[in-house]
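Residues per chain, in single letters:
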Amino acid sequence: MNPKGLFNLFRTQQYRNWISLSGLVVATASFFAFLFLFVIDIIAHHGNPYMGILAYIVSPFFLGLGFVLIYLGGWLHRRQLRKGQAATTFQIDLSRARDRKTLVAFVAGALTFLLVTAFGSYNTYHYTESVNFCGQTCHTPMNPEYTAYLNSSHARVACAECHVGPGATWYVKSKINGVHQLYCTATDTFQRPIKTPVKNLRPAQETCEQCHWPQKFIGNLDRTFSHFLADETNTPFTVRLLLKVGGADPAHGPAGGIHWHMNVANKVEYITTDDQHQIIPWVRTTSKEGVVTEYKDPKFKDDLAKHTIRRMDCMDCHNRPAHDYRSPNDAVDLAMTLGNIDSKLPWAKSNVVASLIAPYSTEDEAVGKISTTLRKVYPKYEKIDSLVAAAQDIYKHNFFPEMKVAWSAYPNNIGHKNWAGCFRCHDGQHQTADGKKKIEASNCNACHVIVAQGNGEQLEKLNPKGYNFFHLDGEMNDFSCNGCHTGAFTK
Ligand code: HEC
Ligand code: HEC
Ligand code: HEC
Ligand code: HEC
Ligand code: HEC
Ligand code: HEC
C-alpha cells in the first residue's frame, strides 16, 4: 500500500476497482457504526451487556472485512496484470454518460448502505435492551425466568432495569458477563438451573431504590393465605394476617416493623455459610447513634474472619420479586380458590399435586403424563378436561424440566413456611455473647397478628389482638415450619 495511507489509496491504480471500492464503503460504514455505538456506550443512561459485543466485536469485524475487500480487489488486479490480462480498473470520466450513471448508482448504493448500517445498529442496540431479547432470544436458558417474570408484579419493568443499570463498575461487570452468557448459550454450557444469588446483580440502592423509595411508610398490610388440606374433602384452611410492615424513617411514620431493616436509620450486617444464603449464623446491627450489637447462633464456632460480611438490603427478603415459581401446594390452592379446580372433587388437592411433582424430563412428557394420570384417577368425572387443563397450566407456568427449574430450585426468603426466610435470623437462637439479649421479634406476634383463621364462619370472627396459631389439631409456635413444609404435601 502507498505509505501515505488511506487517502492516497485510491490514487493507486491497483485499488481502482469495484471490489476495493465496496470494501471502502463497508469499512467506512462500520467505522461510523462503531463511533455511534461507542458514543452511546459512554453516554447511555444505563449500559447494556450486549452493547460491548456490538461495539467492540461486531463493528470491528466489519471494519476488518472492509479492509480485506480493499486488499482483495488490489490483489486480483495485480494478478490479472501478472497474467497479462486486461485489468478491470476504471477511469471515471464524467463526460461519458455511462460513467455518470455508474457513479450515481454507486453513490446512491453507498449512501443507502451507510443509512441502513446506522439505522440497523441503532435498532440492534435497542433490541438488545428489550425484554424480548433477554427473555426469548436465548430461549431455553431464560425461559423459566421470563415466564415467571410475565406473571410477576414487575412484568412491566425491563430486565435491564434490575439486571443492568447505572454505575460504571457494575456496567463493566455486566458487559463482561453478557459476553460470557452469549458464549455459554452458543456452546450450550450454561448451568441448569442457573445459580443464584446472581453474583453481579447490582445492590438494591441502584436497582429497587430507583423506583421504590425506602423512606416510604407502608404500615400494616392485610394478607389472606387460602389453603386446602391434602385430605379427602380438601378442607379449606385460611389464615388472615395483619403484617406489620411499618417503615424505616421517622419523618414518615413510626420507624419499626418489618421494614425496620431497610438501612435508613440503622445498618444490619450478616454472614452466610452456604451458597444460597440459607444459613446465617452471625448478625450485627449498628444504630444511628453508633451502638453496635452482635448476635450469634451459639452453634457457630467458626472464625469470623473467614467469611464475607454482607450488608442487608431489599433483596435479602424480596429475593424473588420477578421470578417466583409457585410451589405445587400454593399453585393448586390458588387454582382451587379461583374455582379452576373443583374443591368438591374428593382428594383433588393431593392428586393434582402428586401429578405435578412426579419426575418428568421434558415439558411435553409432563403435559402428556399429567393428563393420563388424572384421567386414570377420575375415570367418571365429567369435568375432567378442565381439571387436566388447569393442572397442565400450573405445570407450564412453574416447572421447567429442561432447565431443572421449579419452586424447589430457588429459596424464597420473604416468609418462613417453605424456606427458613425470616427464621434464618429470627429463630430465637441468635444472641449476644453474654447471652443476655436475643434478636427481638422472635415470637409469633412480632411480625404479624393472626386476625382470623380456619374456614366458613370462623373467618368472620376477627380478633384484633391476634389468635395463637392453631395448626391442624394443636397450637404451634416453634420455628421448624420448613422442616415439614416443603411446598409439596400429598397424602
Ligand atoms: C424487579 C427486578 C427484576 C426484573 C425486572 C428481572 N429480574 Fe431477573 N432477577 C432479579 C433478582 C432479584 C434475581 C435473584 C437474585 C438472587 O437471588 O440473587 C434475579 C435472577 C435472575 C436470573 C438467575 C436465575 C434465577 O432464577 O434466580 C436470571 C437468569 C434472570 N433473573 C433473568 C431475567 C430476565 C431474562 C428478565 C426479563 C425477562 C429479568 N430477569 C427481569 C430481579 C429482576
Ligand atoms: C423500574 C421500576 C422498578 C424497579 C427497578 C423495581 N420495582 Fe418493584 N415495583 C414496581 C412497580 C411499578 C410495582 C407495582 C406493580 C403493581 O402494583 O402492579 C412494584 C411492586 C413491588 C412490590 C410489591 C408487589 C409484590 O410483588 O409483592 C415489591 C415487594 C417490589 N416491587 C420489590 C422490588 C424489589 C425488591 C426490587 C429490586 C430488585 C424492585 N421492586 C425493583 C417498580 C419497580
Ligand atoms: C426484613 C425483610 C425485608 C426487607 C429488608 C425489605 N422488605 Fe419490603 N417487605 C417485606 C415484607 C415481609 C413485606 C410484606 C409483603 C409480603 O409479604 O409480600 C414487604 C412489603 C414490601 C412492599 C409491598 C408493599 C405493598 O403495599 O404491597 C414493597 C414495595 C417493598 N416491601 C419494598 C421494599 C424495598 C424497596 C426494600 C429495600 C429498600 C425492602 N422492601 C426491604 C420484607 C422486607
Ligand atoms: C440477617 C438477619 C435477619 C433477617 C434475614 C431478618 N431479620 Fe428481622 N431483624 C434482624 C435484627 C438483627 C433485628 C433487630 C433486633 C433487635 O433490635 O433486637 C431485626 C428486627 C426485626 C423486627 C423488629 C423491628 C423493630 O421494630 O424494632 C421485625 C418486625 C423483623 N425484624 C421482621 C423480619 C421479617 C418479617 C423478616 C423476613 C422477611 C426478617 N425480619 C428477616 C435480623 C434479621
Ligand atoms: C420475623 C418475623 C416473623 C415471625 C417471628 C413469625 N412470622 Fe409468620 N410470617 C412472617 C411473614 C413475613 C409472613 C408472610 C409471608 C409471605 O408474604 O408470603 C408470615 C406468614 C405466616 C403464615 C402464613 C403462611 C402461609 O403460607 O399460609 C403463618 C401461618 C405464620 N406466619 C405463622 C407464624 C407463627 C406460628 C409464628 C411463630 C412461631 C410466626 N409466624 C412467626 C413473618 C414472621
Ligand atoms: C411436624 C411437621 C410440621 C411442622 C413443624 C409445621 N407444619 Fe404446618 N402442616 C403440616 C402438615 C402435615 C399439614 C397438612 C398439610 C396438608 O394436608 O396439606 C400442615 C398444614 C399447614 C397449613 C395449611 C395447609 C398448607 O399446606 O398450607 C399451614 C398454613 C401451615 N401448616 C403452616 C405452618 C407454619 C407457619 C408452621 C411453623 C410455625 C408449620 N406449619 C409447622 C406439618 C407441619
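Look up: the structure comes first, before these words.
Summarised in this report is the structure supplied together with it.

What counts, and at which threshold
- Residues numbered from 1 in each chain as written.
- Chains lettered and ligands numbered in written order.
- Predicted model: local features only at pLDDT ≥ 70, side-chain atom pairs only at ≥ 80, totals over all residues.
- Heavy atoms only, no water.
- Patch = residues over 30% accessible without salt bridge, like charges linked within 9 Å, V, L, I, M, F, W, Y side chains within 5 Å.
- Areas by Shrake-Rupley, 256 points an atom, 1.4 Å probe, with all protein chains shown as cover.
- Salt bridge = Lys/Arg side-chain N within 4 Å of Asp/Glu carboxyl O.
- Lys, Arg positive; Asp, Glu negative; His and termini not counted.
- Charge placed at Lys NZ, Arg CZ, Asp CG, Glu CD.
- Buried < 20%, exposed > 50% of the residue type's maximum accessible area, 1.4 Å probe, protein only.
- Pairing = 2+ DSSP bridges.
- Helix = DSSP H or I, 4+ residues; strand = E, 2+ residues; numbered from the N terminus.
- Donors = N, O, S within 2.8 Å, 3.2 Å for Na, K, Ca; no water.
- Tetrahedral: all angles 85-135°; square planar, octahedral: opposite > 155°, others 65-115°.
- Axes fitted to C-alpha atoms, helices over the stretch in contact; angles between N-to-C directions.
- Phe/Tyr/Trp six-rings, centres within 6.5 Å; stacked < 30°, edge-to-face > 60°.
- Lys NZ or Arg CZ within 6 Å of the ring centre and 35° of its normal.
- Core = buried A, V, L, I, M, F, W, Y, C linked by side-chain atoms within 4.5 Å.
- Contact = heavy atoms within 4.5 Å.
- Near = heavy atom within 4 Å.
- Polar contact = N/O pair within 3.5 Å; in protein donor to acceptor, adjacent residues only side chain to side chain.
- Nonpolar A, V, L, I, M, F, W, Y, C, P; charged D, E, K, R; others polar.
- Parallel < 35°, antiparallel > 145°, perpendicular 65-115°, else oblique.
- Left-handed = near helix turned anticlockwise from the far one by under 90°.

Observations regarding a positive patch on the surface
On the surface, Arg78, Arg79, Arg82 and Lys83 cluster together to form a positively charged patch. Given a relative accessible area of 35%, arginine 79 falls into the partly exposed group.

Side note on the sheet that holds strand 4 (residues 282-286)
With antiparallel pairing, 4 strands are arranged side by side in an open sheet as 5-4-3-6. The sheet is open, and its two borders are formed by strand 5 (292-296) and strand 6 (310-311), each paired with just one other strand.

Digging into the coordination of the iron atom of ligand 3
Surrounding the iron atom of ligand 3 are the protein donor atoms His259 (NE2) and His318 (NE2), at 2.0 Å. Relative to the metal, the 6 donor atoms surrounding the iron atom of ligand 3 lie at angles of 86 to 178°, and the coordination shape comes out octahedral. Remark: histidine 318 occurs in the loop between strand 6 and helix 10 (328-337) and histidine 259 occurs in the loop between strand 2 (236-246) and strand 3 (267-271); sequence separation between them is 59 residues.

A look at the pattern of salt bridges
Taken as a whole, this structure holds 7 salt bridges when the rule is applied. For aspartate 222, the salt bridge identified is with arginine 240, shortest N-O distance 2.8 Å. A residue pair is termed long-range when its members are at least 10 positions apart, and aspartate 222 in strand 1 (residues 219-228) and arginine 240 in strand 2 qualify at 18 residues. Overall, arginine 240 belongs to the partly exposed group, its relative accessible area being 26%. Its salt-bridge partner being aspartate 297, residue lysine 299 comes within 3.7 Å of it at the nearest N-O pair. The exposed category is assigned to lysine 299, whose relative accessible area is 66%.

Brief notes about unusual backbone geometry
The phi dihedral of histidine 277 is positive, around 60°, even though this residue is not glycine. With respect to the secondary-structure elements, histidine 277 resides in the loop between strand 3 and strand 4. For lysine 404, which is not a glycine, the phi torsion comes out positive at approximately 55°. Among the structural elements, lysine 404 can be located in the loop between helix 13 (384-398) and strand 7 (448-454).

A look at the sheet that holds strand 2
If you trace the 3 strands from one edge of the open sheet to the other, you get 1-2-7, paired in antiparallel fashion. What marks the edges here is a single partner per strand, and that holds for strand 1 and strand 7. Between one strand axis and the next, the sheet turns by 15° as a mean value, whatever way the strands run. Bridge count between strand 1 and strand 2: 10 bridges; the pairing is antiparallel. Bridge assignment links threonine 224 to a residue of strand 2, and that residue is arginine 240.

Here's the deal with the packing of aromatic side chains
Counting across every chain of the model gives 13 aromatic pairs. When the ring of phenylalanine 31 is compared with that of phenylalanine 32, the centres are 6.0 Å apart and the planes differ by 65°; the resulting orientation is edge-to-face. Judged by its relative accessible area of 39%, phenylalanine 31 falls in the partly exposed class. For phenylalanine 32, a relative accessible area of 47% corresponds to the partly exposed category. Aromatic side chains tyrosine 395 and phenylalanine 399 sit 4.7 Å apart centroid to centroid with 10° between the ring planes, which places their arrangement in the stacked category. Counting every residue linked through ring pairs, the aromatic cluster contains Tyr360, Tyr395, Phe399 and Trp407. If you follow arginine 320 out to its NZ or CZ, it ends over the ring of tyrosine 410, 4.3 Å from the centre.

Comments concerning the coordination of the iron atom of ligand 5
Bound to the iron atom of ligand 5 on the protein side are His416 (NE2) and His448 (NE2), at distances that span 1.9 to 2.0 Å. The class for histidine 416 is partly exposed, based on a relative accessible area of 25%.

Some words on the nonpolar core
One finds Val332, Ile341, Val352, Leu356, Leu374 and Leu387 to be the most contacted residues of the largest nonpolar core, which totals 35 residues. Elements represented by at least two residues in this core include exactly helix 10, helix 11 (348-357), helix 12 (363-377) and helix 13. Considering every element that reaches this core, the biggest residue donor is helix 13, with 7 residues. Aside from chain neighbours lying at most four places away, what touches isoleucine 341 is Val332, Ala335, Met336, Ala348, Val352, Leu387, Ala390 and Ile394.

Here we look at the site of ligand 3
Residues in close proximity to ligand 3 total 18 residues, the closest being Arg223, His259, Cys314, Cys317 and His318. A distance of 2.8 Å separates a nitrogen atom of ligand 3 from a polar atom in the side chain of histidine 259. At 2.7 Å, a side-chain N or O of histidine 318 approaches a nitrogen atom of ligand 3. Listed by contribution, the elements that provide at least two residues to the shell around ligand 3 are strand 1 and strand 2. Taken together, the residues of the shell around ligand 3 break down into 11 nonpolar, 4 polar and 3 charged.

Regarding the packing of helix 11 against helix 12
Their axes nearest at 9 Å, the elements helix 11 and helix 12 cross at an angle of 150°. Judged by the angle between their axes, helix 11 and helix 12 are roughly antiparallel. Crossing handedness for the pair helix 11 and helix 12: right-handed. Between helix 11 and helix 12, the contacting residues are Asn351, Val352, Ser355 and Leu356 on the first element and Ile370, Leu374 and Val377 on the second. Among the residues making up the contact of helix 11 with helix 12, the classes are represented as 5 nonpolar, 2 polar and no charged.

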